[in-house]
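The primary structure of each chain is shown beneath.
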Amino acid sequence: MQLKSKYIIAGIMLLTGVSCTKNFGELNTDPTIVTTPDVKYLLSYSQDKLATYNGGEWIWEGMEQLFRYTQHVSASPYEITNNVNARYGVYYSQILPNLFEIRRQISAKADKDNYQKIAAITYIIQVLHGIKVTDMNGSIPYSEAEQGRYEANYSPVYDSQEALFNTWLSELDKSIGVLSNTGLANQVDPGTADIFYKGNWTNWVKLANTLKLRIAARLENQNQAKTKDIFKQVMQDAIGPIDNDNAQLTYANPTFSPFGNDVNYRSVRYGSTSIIGFLKKANDPRLPIYFESNGVSKSLFTSNSVTPPAFMDINDPLIQFQGAPADWTTNPTVAAYISNAVTIGSAKYFMISPINRKFFAPKMNGQTGNYTDVMVTNAESCLQVAEFIQKGYGAGVNTNGTAEDWYKKGVASSINTMNSIAVAAQSATGFTGDGTTVINSYLTGSNVKFNGVNDLERIYIQEYLNLYRNACEAFVFVRRTGYPKTASAYYAREPFTQTIPRRWWTNDPGEVNRKNWNAALADQGFTPNAQDVPTLNTQRIWYDKTAPDFGGGN
């Protein structure tokens, strides 16, 4: 790939030694080696890695662990292995190095002032992934990260989670200030080397503001006052957060598919009883996008004189979609139908609906669809705004609409975005055309529209449904809110007997930095090298310490 080749050349340049004498260096300079890399291509590499590193993460974390814990899917439980937490190593080996090098290269340029906006977006990128790293690890090296490369400091301190959030908020604010400044002349346009926004500075500001909302949500259980302040800052900003689909952070590469043929690795994943049940009850157009049909119908049963299993209603108009218990041990009768087919006529049918595998793996078995990763969605941004307004955090500022207004925008965007992903994947879609009629009908349905009774819960559930393509954010959401809530009459979390780890772990960095690593673990109350689930459940990261238990939402 041309992008990777350019990075490799730049990397060779950075690792190549410089000779002792000027003349010797000139005589022995390989003319094919790039001595001053184009910062735009260094940017492309870091951006690319944000999306393309996570094939293993989808398998080992998303499908096998996190989505089971959130109950988006039902699957056979597997042990947690050392394959989890790839986000941590990738941050320091493939994302941060180029971002730091971009800023170093810019600082040495005679026209460095013309690169201020490119430098600003490097901070937004490293904050984006940094949030993801601290989400499952707590304290991490940041303020002294990459100093081994430039200052021979190989023992960086581990910044606390609270300090990280403060640093990142400051970096985002500075980036917003630079990117919003229309008075900065002659700014270099990264063009297509900016694989996300093609140099659209306004969309970068919107992303930065939405990342501030992500941080605000994480702070809420520890510092509600700060959450309110951050929200007000975002809403008072002239550009504001992501509020349209064109500003979503989207990665689309026709040659990339994170799953390949591994979407069924170790086992097939199925829709849970709760999520499929709610999507059916609400007549949600995302149902066929998210899950596969089992192929049955009322007429198929009746014409062959077959009675459906007891857990199925033959008069259900969506009988072709059936969920499995999130924890198979809680309802073994239904769970048995995962592996036991029902004979109808001359064919056998499996009643439980798998995840829509083509939606996740559009190139599986030689298929020709394209994978699209919307890493930060308009729906996430809008629904987060709706949540904060509903909680009263927008008092005294112009929120540019009510909680219900933002809720409707978010839900509509989620449906449109998921449908667009399905179209690109050549997968089942929720509607044809522009979807306006279908979406409006959904929004006015009794199970979706605001009713003045449980409006906050309705916002929560739509946030939850929207995160079906983002296991990491889905887990953070369920962990911070306690929704879906156990015993809710609206959308209840299912019984789940397994202990759930609330974080991952970091490995011993070796003698050179063991002191700082041990200090950080002690400060957080973590047992060094502990990888057992009970410990990972009880020893929580800072912002999770006061969060509700799973299913324990207010």
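Residues numbered from 1 in each chain as written. Predicted model: local features only at pLDDT ≥ 70, side-chain atom pairs only at ≥ 80, totals over all residues. Heavy atoms only, no water.

*Asks:* Describe the packing of aromatic side chains, listing the residues and the values that go with them.
*Replies:* Counted according to the given criterion, the structure contains 33 aromatic pairs. Taking 6.0 Å as the distance between ring centres and 50 degrees as the angle between the ring planes, the aromatic pair formed by Trp-58 and Phe-67 counts as tilted. For Trp-58, a relative accessible area of 7% translates into the label buried. Ring centres of Phe-475 and Phe-550 lie 5.7 Å apart, and the angle between their planes is 45 degrees; on these two criteria the pair is classed as tilted. Remark: Phe-550 occurs in the segment after α22 (533–538) and Phe-475 occurs in helix α20 (residues 471–481); sequence separation between them is 75 residues. Per residue, the accessibility class of Phe-475 equals that of Phe-550, and both read buried. Chaining the aromatic ring pairs together yields one cluster made of Trp-58, Phe-67, Phe-259, Tyr-290, Phe-291, Phe-359, Phe-360 and Tyr-468. In this arrangement the basic side chain of Arg-469 is found over the ring face of Phe-359, its NZ or CZ atom lying 4.7 Å from the centre. Here Arg-503 stacks its cationic end above the ring of Phe-526, 3.6 Å away from the centre of that ring. (Phe/Tyr/Trp six-rings, centres within 6.5 Å; stacked < 30°, edge-to-face > 60°. Buried < 20%, exposed > 50% of the residue type's maximum accessible area, 1.4 Å probe, protein only. Helix = DSSP H or I, 4+ residues; strand = E, 2+ residues; numbered from the N terminus. Lys NZ or Arg CZ within 6 Å of the ring centre and 35° of its normal.)

*Asks:* I'd like a description of unusual backbone geometry, backed by residues and values.
*Replies:* In terms of backbone geometry, most residues other than glycine have negative phi values and most peptide bonds are trans. Going from Tyr-483 to Pro-484, the amide bond is cis rather than trans, its omega being -5 degrees. Here Pro-484 lies in the loop between α20 and β9 (485–486). Positive phi, close to 55 degrees, is recorded for Asn-365, a residue that is not glycine. Looking at where Asn-365 falls in the secondary structure, it is placed in the loop between α15 (357–360) and β8 (372–376). A relative accessible area of 63% places Asn-365 in the exposed class. The phi torsion at Gln-426 lies on the positive side, around 60 degrees, for a residue other than glycine. Assignment of secondary structure puts Gln-426 in the loop between α17 (403–425) and α18 (436–443). Overall, the relative accessible area of 42% leaves Gln-426 in the partly exposed class.

*Asks:* Just give me the short version of the pattern of salt bridges, but keep the residues and values in it.
*Replies:* Overall, the coordinates contain 26 salt bridges when judged by the stated rule. For Glu-220, the salt bridge identified is with Lys-391, shortest N-O distance 2.9 Å. Here the residue Glu-220 occupies a position in the loop between α9 (201–219) and α10 (224–236), and Lys-391 occupies one in the loop between α16 (378–390) and α17, the gap between them amounting to 171 residues. Beyond isolated ion pairs, a larger network of salt bridges with shared partners links Asp-135, Arg-214, Arg-218, Glu-380 and Glu-473. (Salt bridge = Lys/Arg side-chain N within 4 Å of Asp/Glu carboxyl O.)

*Asks:* Requested: an account of the side chain of Asn-466, with residues and values cited.
*Replies:* Topologically, Asn-466 is positioned in helix α19 (residues 455–466). Among the residues examined, Asn-466 registers a relative accessible area of 4% and is labelled buried. A polar contact of 3.3 Å, which involves the side chain of Asn-466, links it to the side chain of Thr-377. (Polar contact = N/O pair within 3.5 Å; in protein donor to acceptor, adjacent residues only side chain to side chain.)

*Asks:* Provide a residue-level description of the environment of Thr-227, including the pertinent values.
*Replies:* Considering the arrangement of structural elements, one finds Thr-227 in helix α10. Note on Thr-227: relative accessible area 0%, which makes it buried. Once residues lying within four places of it in the same chain are set aside, the contact partners of Thr-227 are Ala-216, Leu-219, Glu-220, Phe-388 and Tyr-393. From its side chain, Thr-227 meets the backbone oxygen of Ala-216 in a polar contact 2.8 Å long. (Contact = heavy atoms within 4.5 Å.)

*Asks:* Before we move on, can you summarise the side chain of Ser-44 with the specific residues and values?
*Replies:* Assignment of secondary structure puts Ser-44 in helix α3 (residues 39–52). Among the polar contacts made by the side chain of Ser-44, one reaches the main-chain carbonyl oxygen of Ala-193 at a distance of 2.6 Å.

*Asks:* Tell me about the nonpolar core, and name the residues and values.
*Replies:* Counting 146 residues, the largest nonpolar core has Trp-168, Trp-204 and Phe-291 as the members making the most contacts within it. Setting aside chain neighbours within four positions, we find Phe-291 in contact with His-72, Tyr-270, Gly-271, Ile-275, Ile-276, Leu-279, Phe-321, Ser-353, Pro-354, Ile-355, Asn-356 and Tyr-468. The next biggest cluster of nonpolar side chains, apart from the first, holds 9 residues, and it includes Phe-301, Val-306, Ile-319 and Ile-344. (Core = buried A, V, L, I, M, F, W, Y, C linked by side-chain atoms within 4.5 Å.)

*Asks:* Give me the lowdown on the confidence of the model for the chain, citing residues and values where you can.
*Replies:* Here the chain shows a mean pLDDT of 94. Residues at 70 or above account for 94%. Overall, residues 1–27 carries pLDDT values under 50, and its contacts beyond four positions in sequence, including any with other chains, amount to 25 contacts. (pLDDT = per-residue confidence, 0-100.)

*Asks:* Explain helix α6 (residues 116–137) residue by residue, including any values.
*Replies:* Every α-helical turn comprises 3.6 residues, leaving residues that sit three or four positions apart pointing alike. End to end, α6 covers 32 Å across 22 residues, agreeing with the expected 32 Å (1.5 Å per residue, within 8%). The buried fraction of α6 is high, at 20 of 22 residues. (Expected span 1.5 Å × (residues − 1).)

*Asks:* Which residues make up helix α8 (residues 161–180), and what values go with them?
*Replies:* For α8, built from 20 residues, the straight-helix expectation of 28 Å at 1.5 Å per residue is met to within 8% by its first-to-last C-alpha distance of 28 Å. Listing the buried residues of α8 in full gives Gln-161, Leu-164, Phe-165, Trp-168, Leu-169, Glu-171, Leu-172, Ser-175, Ile-176 and Leu-179. Packing partners of the buried residues in α8 comprise α5 (86–107), α6, β2 (140–141), β3 (158–159), α9 and α10.

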